[in-house]
Structure formats: structure tokens, C-alpha cells
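Chain residues, written in single-letter form:
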Amino acid sequence: AQTVTQSQPEMSVQEAETVTLSCTYDTSENNYYLFWYKQPPSRQMILVIRQEAYKQQNATENRFSVNFQKAAKSFSLKISDSQLGDTAMYFCAFMKHELTATSNSNSGYALNFGKGTSLLVTP
Amino acid sequence: NAGVTQTPKFRVLKTGQSMTLLCAQDMNHEYMYWYRQDPGMGLRLIHYSVGEGTTAKGEVPDGYNVSRLKKQNFLLGLESAAPSQTSVYFCASSIWYTQYFGPGTRLTVL
């Protein structure tokens, strides 16, 4: 089974500053997907950014970018120009590139989540 | 377009009671999933479905059953609730590898 580790349970950053959240994963797969999800106090899970392992270029979505190091199995999230609305739990997640699911397997498109990093943005 | 909806939003059960959580999606997605989230942990997969009439076990399936009689609905059942099933339950759907989540159901078993 794939494991996802987020080594920072809590972080804080001042508004307008930049913060980086760490994520490492363990897998023997070569093709897979990585995600960052945001969970604000409303509890809704919101996709922040995704990265396909076969792409060397790091994904970027507005103020959010990743540093994907495939050999090191590292997938960090950088938030630039932090805003108060960025306060949330952030979860790193791994997904195998699987086209079919067998009846007794937990593969398929299932996400394996880390335990999360609680980010607080202060004024 | 409501996306993924879950019913109910909150529920309190007594040990041994049964209940069904309903997940509905209006995006015509083939794949649907049920996760649970416990304090200090990420989401863990309970069961999933790759299409109407199919279901499969995830990481933590014990104590739960599921059904996918219609493509748009995915039901999660607890036959005899236990305090260990106190959790927040999330449903998700996908057409490929990006999953879209419902708002969650907070379930407390006393």
C-alpha cells in the first residue's frame, strides 16, 4: 500500500507571505497522480492542485504551485501571497494510475491521504 | 448543477441501530467513493464503485455495506452501528482521476 507522510502537523504564516507545506510518499509505481486538497472549517474538500507523475513540469494554479521531485518522492505545496481565506487543513494525496478495478482490490482510482497540515494565516 | 450531495448532514445513533447514508451526483460520473475522516487523520476509503451495479471494498470496509443501483446514487449502510463508527463520512465521484467531494455527514454513535 502507498503511504503519504505530511511531517508538519501545524504551520502558520503571515498574510502576504509565502509558505511551503511538505509531503512525501512511498510507492513502487511509476505512473501515478498527486493532489493537494484544502479543507476549510466548512469541512468541504476542495481540490487545490494536481500533478501527473509523467509530467516533469511542476503544476501551477494561480498562487499555488508544487515542487515535484519524483526521485525523492517529494511533493511540496507552495502558497504565495497568503490570504486569510487560505486558513485550512491541507491534505496531500496519492493515486495510482489504474485503469481497472478488481472486485477484491482497493486500487482503482482511490486516493491515499496524508494526515494533513493545519495552516493558519494571520493578519 | 448541484455536484455531489449527501443526506443527512448530521445524525446521532444509538449503538446497534442501523441507518443509510445517501450520496447523489448529477455529473454523470462512473466512479463513486465513500471515505471516513477521523480526528488527526486523512480520509480513508471504505468502499467504492466503478459503475452502476458494481461495488468493491476499500481500506476500511468492515461494518459497512454499499449499493449502487442507479448510476447517480451510492448508498452507505450501517447495519449495527458501533461507537467506533463515529466519524465524518464523505462521498466523492469522478469520471477519471479527479474526485469531487460532497459536503460530508457527521455521524455520532452513542
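Residues numbered from 1 in each chain as written. Chains lettered and ligands numbered in written order. Predicted model: local features only at pLDDT ≥ 70, side-chain atom pairs only at ≥ 80, totals over all residues. Heavy atoms only, no water.

Regarding the side chain of Thr27(A)
Residues and elements named next belong to chain A.
Piece 1. Within the secondary structure layout, Thr27 lies in the loop between strand 4 (24–26) and strand 5 (32–39).
Piece 2. Looking at Thr27, its side chain comes within polar contact range of the main-chain nitrogen of Glu29, at 3.0 Å.
Piece 3. Sequence-distant contacts of Thr27, that is, excluding residues within four places in its chain, are made with Gln2, Tyr32, Lys73 and Phe94. (Helix = DSSP H or I, 4+ residues; strand = E, 2+ residues; numbered from the N terminus. Polar contact = N/O pair within 3.5 Å; in protein donor to acceptor, adjacent residues only side chain to side chain. Contact = heavy atoms within 4.5 Å.)

Concerning the nonpolar core
Piece 1. Counting 25 residues, the largest nonpolar core has Tyr25(A), Trp36(A), Phe75(A), Leu77(A) and Tyr90(A) as the members making the most contacts within it.
Piece 2. Counting residues per element, this core draws most heavily on strand 10 (residues 88–96) of chain A, which supplies four residues.
Piece 3. Sequence-distant contacts of Tyr25(A), defined by excluding residues within four places in its chain, comprise Thr3(A), Val4(A), Tyr32(A), Leu34(A), Phe68(A), Gln69(A), Lys70(A), Lys73(A), Ser74(A), Phe75(A) and Phe94(A).
Piece 4. With 23 residues, the next largest nonpolar core counts Phe113(A), Leu43(B), Leu45(B) and Phe101(B) among its residues. (Core = buried A, V, L, I, M, F, W, Y, C linked by side-chain atoms within 4.5 Å. Buried < 20%, exposed > 50% of the residue type's maximum accessible area, 1.4 Å probe, protein only.)

Describing the sheet that holds strand 8 (residues 73–78) of chain B
Residues and elements named next belong to chain B.
Piece 1. Spatially, 1-3-8-7 is the arrangement adopted by the four strands of the open sheet, whose pairing is antiparallel. Edge positions in the sheet fall to strand 1 (4–7) and strand 7 (65–67), since each has one partner strand and no second. Here the strands of the sheet are splayed against their neighbours by 20 degrees on average, with no regard to which way each runs.
Piece 2. As defined by bridge partners, strand 7 adjoins strand 8 across three bridges and the pair is classed as antiparallel. Residue pairing across strands places Ser67 opposite Leu75, the latter belonging to strand 8. (Pairing = 2+ DSSP bridges. Axes fitted to C-alpha atoms, helices over the stretch in contact; angles between N-to-C directions.)

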